[in-house]
Amino acid sequence: MAIGPHTVPNRLFVAPMAGVTDRPFRMLCKQLGAGYAVSEMVTSRKDLWHSLKTSRRANHDGETAPISVQIAGTDAAMMAEAAAYNIDRGAQIIDINMGCPAKKVCNKWAGSALMQDEPLALEIIEAVVAACLPHNVPVTLKMRTGWSQQHKNAQAIARAAESAGIAMLTVHGRTREQGYKGQAEYDTIAAVKAAVRVPVVANGDITSPEKAVEVMRLTGADAVMIGRAAQGQPWIFGDIAHYVTHGQRRARPLTLQARQWLIEHLHDHHSLYGEFAGVRTARKHIGWAVRALPGGEAFRQHMNTLDRIDEQVRAVSDFFEQLSQTHDRLPEAHACDLDDTDTAEQEASSCMAN
């Protein structure tokens, strides 16, 4: 499918997740079957652009095109300037965040809080589109179904956004009020798809190949976007692609192959963050990878005691080597094992998707 002038190889997208979808993780997901990935949320505050955190988030070294950067803020002029700033640093697609439910974002009227103020939301969309147009950079929008159950306005915003020049819409099937609780509903996504002509991407509770196909059928969406289910199993994109092509699941990854993927990811992660921050931020990725495996919880606890790159890499390598002695392929994980992410931690620290 096409996003403006860019053609992506498939309809399986990686959701933007703060603290997760950095360059190493995006590249890993693309390597394992994702057709497209959106960066972590980048602030529109100019005074933070040169911070270490923002510079890492804006790092696209070696990343395959198209490079998509998500920006967040509440001031139209600042958002337009942020779009231009990121284009100068390699962004080929700009995504506007209107879906993050985190309190620290919504309290500043950014993220999904913008859905409460449709005139401001449209002003921001128009300003960002105008800033990107001279560079032939398409603008996309990620939003929720509405602010609350009583205030669902995704269709209205979608129509206005399309008229303003938005090239693609992603809809998370929950209101801001829901956060990440309850079940995603797909009726509103289907309604948005019926209301516009631009591509629509469905997001929310897509945890398996079967669910991905079901969501595509229920919504008529042009693509699906996966967030939490890719944490610890980035090969889910390849799993879905295989299921769509062959009508059945493929075998679980070989244990030693999974070890190789994780070790390569760790090397890339450490090179971006350095030893002190790299070892600590890698712990969540390792934890997600082992959480449903035999001995995984004990290993997670042990991992938190290691402070050096060599110790961390060696421990991960040894864990999977030992597991391969009894499990040639990774044991099947259950849905409950893959949905144990702490919601409070998510909302406090980041804007998670899916």
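Here, the structure is the one placed above.
Residues numbered from 1 in each chain as written. Predicted model: local features only at pLDDT ≥ 70, side-chain atom pairs only at ≥ 80, totals over all residues. Heavy atoms only, no water.

Let's talk about the sheet that holds strand S10 (residues 223–226)
Sheets are built from strands that pair by backbone hydrogen bonding, the pairs being arranged parallel or antiparallel. Worth spelling out the cut-off: Pairing between two strands is assigned when DSSP locates at least 2 bridges connecting them. Numbering of helices and strands runs from the N terminus, with a helix taken as a DSSP run of H or I at least four residues long and a strand as a DSSP run of E at least two residues long. Convention adopted: a line fitted to C-alpha atoms gives each axis, helices being fitted over their contacting stretch, and angles between N-to-C directions are expressed from 0 to 180 degrees. Note on contacts: a residue pair qualifies if any of its non-hydrogen atoms lie within 4.5 Å across the two residues.
The sheet built from eight strands closes into a barrel, its strands ordered S3-S4-S5-S6-S7-S8-S9-S10 with parallel pairing. Taken over all neighbouring pairs, the strand axes of this sheet differ in orientation by 30 degrees on average, direction set aside. Relative to strand S9 (residues 200–203), strand S8 (residues 168–175) runs parallel, the two being bridged by four bridges. Following the sheet pairing, His172 is matched in S9 by Asn203. In the packing of helix H7 (residues 187–195) onto the sheet, the strands contacted are strand S7 (139–146), S8 and S9, and the crossing angle to S9 comes to about 175 degrees. Across the sheet, helix H9 (residues 236–246) touches strand S3 (12–14) and S10, and the angle it forms with S3 is around 170 degrees.

Concerning helix H1 (residues 23–31)
Under the convention used in this document: A 1.4 Å probe rolled over the protein chains alone gives each residue an accessible area, and that area as a share of the maximum for its type sets the label: buried under 20%, exposed over 50%, partly exposed in between. The definition of a polar contact used here is a pair of N or O atoms within 3.5 Å, where within protein one atom must be able to donate a hydrogen and the other to accept one, and adjacent residues in sequence count solely through side-chain atom pairs.
Of all nine residues in H1, seven are buried, a share of seventy percent or more. Taken residue by residue, H1 has Arg23, Pro24, Phe25, Arg26, Leu28, Cys29 and Lys30 as its buried positions. In the core, the buried residues of H1 are packed alongside S3, strand S4 (36–43), H9 and helix H10 (255–290). For H1, the N-terminal capping position is held by Asp22, with its side-chain oxygen 3.1 Å away from the main-chain nitrogen of Phe25. Backbone geometry just downstream of H1 places Gly33 in the positive-phi region, at approximately 125 degrees.

A closer look at the packing of helix H5 (residues 118–132) against helix H6 (residues 154–164)
How we decide: Any angle between 65 and 115 degrees counts as roughly perpendicular, while under 35 counts as roughly parallel, over 145 as roughly antiparallel, and the rest as oblique. With the far helix as reference, a near helix turned anticlockwise by less than a right angle produces a left-handed crossing, and one turned clockwise produces a right-handed crossing. Residues are grouped as follows: Ala, Val, Leu, Ile, Met, Phe, Trp, Tyr, Cys and Pro are nonpolar; Asp, Glu, Lys and Arg are charged; every other residue, Gly included, is polar.
The contact between H5 and H6 brings their axes to 9 Å, and the two run at 25 degrees. On the basis of the axis angle, H5 is roughly parallel to H6. Note on packing geometry: the crossing formed by H5 with H6 is right-handed. Of the residues in H6, those touching H5 at Glu118, Leu122, Ile125, Glu126 and Val129 are Ala156, Ile157, Ala160, Ala161 and Ala164. Of the residues in the contact of H5 with H6, the class split is eight nonpolar, no polar and two charged.

Re the pairing of S7
Using the following cut-off: Crossovers are marked right-handed if the path from the first strand over the helix to the second runs clockwise, as seen with the strands pointing away from the viewer.
For S7, the buried fraction is high: eight of the eight residues fall into the buried class. Pairing of S7 with S8, which is carried by six bridges, proceeds in the parallel orientation. Within S8, the residue paired with Leu141 across the bridge is Leu169. For the segment spanning S7, H6 and S8, crossover handedness is right-handed.

What to know about the packing of H6 against H7
Put simply, H6 and H7 touch, their axes get as near as 9 Å, and they point 30 degrees apart. By the angle class used here, H6 and H7 are roughly parallel. As H6 packs across H7, the resulting crossing turns out to be right-handed. Residue-level inspection shows Ala154, Gln155, Ala158, Arg159 and Glu162 of H6 in contact with H7, the latter providing Thr188, Ala191, Val192 and Ala195. Its residues placed into classes, the contact of H6 with H7 shows five nonpolar, two polar and two charged.

Describing the nonpolar core
Note the cut-off: Among buried residues, those of type Ala, Val, Leu, Ile, Met, Phe, Trp, Tyr and Cys that are joined through side-chain atoms within 4.5 Å constitute a nonpolar core.
Formed by 67 residues in total, the largest nonpolar core has its most connected members in Ile94, Met98, Val128, Leu141, Met143 and Leu169. Top element by residues in this core is H5. It accounts for nine residues. Filtering out sequence-adjacent residues up to four positions away, Val128 remains in contact with Ile71, Met79, Ala80, Ala83, Ile94, Ile96 and Val139. With 23 residues, the next largest nonpolar core counts Trp235, Trp261, Leu262 and Ile286 among its residues.

As for the side chain of Ser44
Of note, Ser44 is situated in the loop between S4 and helix H2 (52–57). Sequence-distant contacts of Ser44, defined by excluding residues within four places in its chain, comprise Trp49, Ala72, Gly73, Met78, Met79 and Ala82.

Comments concerning unusual backbone geometry
That bond from Ala65 to Pro66 is cis: its omega, -5 degrees, falls within 30 degrees of zero. Relative to the helices and strands, Pro66 resides in the loop between H2 and strand S5 (68–72). With a phi angle near 60 degrees, Asp205 is a residue other than glycine that sits in the positive phi range. With respect to the element layout, Asp205 can be found in the loop between S9 and helix H8 (209–219).

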